[in-house]
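Structural features, examined
Here is how the chains run, residue by residue.
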Amino acid sequence: MRQKLAAGNWKMNGTGAELTELKALSQIHPAASVDILIFPPATLLSRASIAVQGTAISVGGQNCHAAKSGAHTGDISADMLVDAGATSVILGHSERRVDHGEHDEDVRAKARAAMDAGLKAIICVGESLEQREAANTLDIIGGQMSGSIPDQSTGENLIVAYEPIWAIGTGKVPTLEEIGEVHDFMRARLERRFGEGVGRSVRLLYGGSVKPDNAADIFSVSNVDGALVGGASLKASDFSGIIQALE
Ligand code: PEP
């Protein structure tokens, strides 16, 4: 049985004052089958990791550099994330692919560095509205998976998040059939590439406008092991509703 996972991506939101939300969230006691990950901005990572010590929550980074160290002003290495208390890192989010021109090979190199450092990599894939309307969704997802996921992946160090770009922050959500089609496809791809054992153990998250009121329906879809949540992860009251829907 795969552990369920509720992952909250705070993006470029939050200063020290917002740690109160993390403290409020840490009061909940999720079922043993549910993991909770919060991805605060890098400036809060150390403080957040201290704030969640001894609770059910772990924290992670929103990005890392592919190199171990060096002349990369403004960047953060996977080892630095570990040092700050991270257990995982989001890679290949569409906002990084679009805003920072990250391609699959960049994501793959970062994922290798993250896994080498002992982090779990949450690798994001997803199609644009144009690509969906042109019936190219599965081709796009398959290509991103082949290009972004490193060979050293296992059920322990890899999580894949399906995040249709047109659903992120828009309030639009694919139908449950559409989510199911992509997640079944991703599972089959992983099994084909890594074998049934590893392929079946990798967790698959759905991301894109998940809210407390649609979470239970989304989690009922086969091969959806949890969610990567943006906006609704910023308030403990909203995010705890999503966690409860996973239980
Ligand atoms: C995201 O950015 O990963 C995301 C899913 O955002 P939202 O939940 O706000 O759509």
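Residues numbered from 1 in each chain as written. Predicted model: local features only at pLDDT ≥ 70, side-chain atom pairs only at ≥ 80, totals over all residues.

Within an unreviewed UniProt entry, the label attached to the protein reads Triosephosphate isomerase, and the organism entered is Ruegeria atlantica. You can read under Subunit (unreviewed entry) in the UniProt record for the protein the words "Homodimer." (UniProt positions renumbered as here; feature names shortened; annotations may be inferred.)

1. Topic: the overall build of the protein
Within the protein, the secondary structure is distributed over 11 helices and 8 strands. Expected size for 247 residues packed as a compact globule is a radius of gyration near 18 Å; at 17 Å, the protein falls within 12% of this value. Expressed as lengths along the three principal axes of its C-alpha atoms, the size of the protein is roughly 45 × 45 × 35 Å. (Helix = DSSP H or I, 4+ residues; strand = E, 2+ residues; numbered from the N terminus. Rg over C-alpha atoms; globule rule 2.2 N^0.38 Å.)

2. Let's talk about the sheet that holds strand S5 (residues 120-125)
Judged by pairing direction, the barrel is parallel, and its 8 strands sit side by side in the order S1-S2-S3-S4-S5-S6-S7-S8 before closing back on the first. Strand after strand, the sheet turns through a mean of 30 degrees between neighbouring axes, direction not considered. Two strands pair when backbone bridges link them, and strand S6 (residues 158-162) and strand S7 (residues 203-207) are joined in this way by 4 bridges, in the parallel orientation. The residue of S7 that forms the bridge with Ala-161 is Leu-205. Of the strands in this sheet, S5 and S6 are in contact with helix H7 (residues 137-148), which crosses S5 at around 150 degrees. Running at roughly 165 degrees to strand S1 (residues 4-9), helix H11 (residues 236-246) makes contact with S1, strand S2 (34-39) and strand S8 (226-229) of the sheet. (Pairing = 2+ DSSP bridges. Axes fitted to C-alpha atoms, helices over the stretch in contact; angles between N-to-C directions. Contact = placed C-beta atoms within 7 Å.)

3. Remarks on the nonpolar core
Among the nonpolar cores identified, the biggest contains 64 residues, and Ile-123 and Ala-227 are the most heavily contacted of them. If near-sequence neighbours (up to four positions away) are discounted, Ala-227 is found in contact with Ala-6, Ala-7, Leu-205, Tyr-206, Gly-207, Val-210, Ala-215, Ile-218 and Ile-242. (Core = buried A, V, L, I, M, F, W, Y, C linked by C-beta atoms within 7 Å. Buried ≥ 20, exposed ≤ 12 C-beta atoms within 10 Å, placed from the backbone.)

4. A look at the site of the ligand
Around the ligand, 13 residues are found, and the nearest of them are Ile-168, Gly-169, Gly-207, Gly-230 and Gly-231. Grouping the amino acids of the shell around the ligand by side-chain chemistry returns 5 nonpolar, 7 polar and 1 charged. (Near = placed C-beta within 6 Å. Nonpolar A, V, L, I, M, F, W, Y, C, P; charged D, E, K, R; others polar.)

5. What to know about the pairing of strand S4 (residues 86-91)
Walk down a regular strand and you will see the side chains alternate between the two sheet faces. Extensive coverage of S4 is indicated by the burial of 5 of its 6 residues. Each parallel crossover has a hand, and the one from strand S3 (residues 57-61) via helix H3 (residues 78-83) to S4 is right-handed. Pairing of S4 with S5, which is carried by 4 bridges, proceeds in the parallel orientation. Its bridge partner lying in S5, Ile-90 is registered against Ile-122. (Right-handed = clockwise from strand over helix to strand, strands pointing away.)

6. Considerations on the UniProt feature "active site" (unreviewed entry) in the protein
Under the local residue numbering, the UniProt record ascribes the feature "active site" (unreviewed entry) to His-93 and Glu-163. Spanning 71 residues, the annotated positions come together in the fold, the maximum distance between their C-alpha atoms being 8.3 Å. Position of His-93 among the secondary structure elements: in the loop between S4 and helix H4 (94-99). Here His-93 falls in the buried class, since 28 other C-beta atoms lie within 10 Å of it.

7. Considerations on the UniProt feature "binding site: substrate" (unreviewed entry) in the protein
Residues annotated in UniProt with the feature "binding site: substrate" (unreviewed entry) correspond here to Asn-9, Trp-10, Lys-11, Gly-169, Ser-209, Gly-230 and Gly-231. These residues run over 223 residues, yet every pair of their C-alpha atoms falls within 14.2 Å of each other. Its place among the elements puts Lys-11 in the loop between S1 and helix H1 (19-25). Ser-209 gets classed as buried once you count the C-beta atoms within 10 Å, which come to 21. In this view, Ser-209 contacts Ala-167, Thr-170, Gly-171, Lys-172 and Val-173; residues no more than four positions away in its chain are not counted.

8. Section: H11
Where H11 is concerned, the buried positions are Asp-238, Phe-239, Ile-242, Ile-243, Ala-245 and Leu-246. End-on, the buried residues of H11 take up no more than an arc of 160 degrees, which puts them together on one face. Tucked inside the fold, the buried residues of H11 contact S1, H1, S2, helix H10 (212-219) and S8. (Arc of directions from axis to C-beta.)

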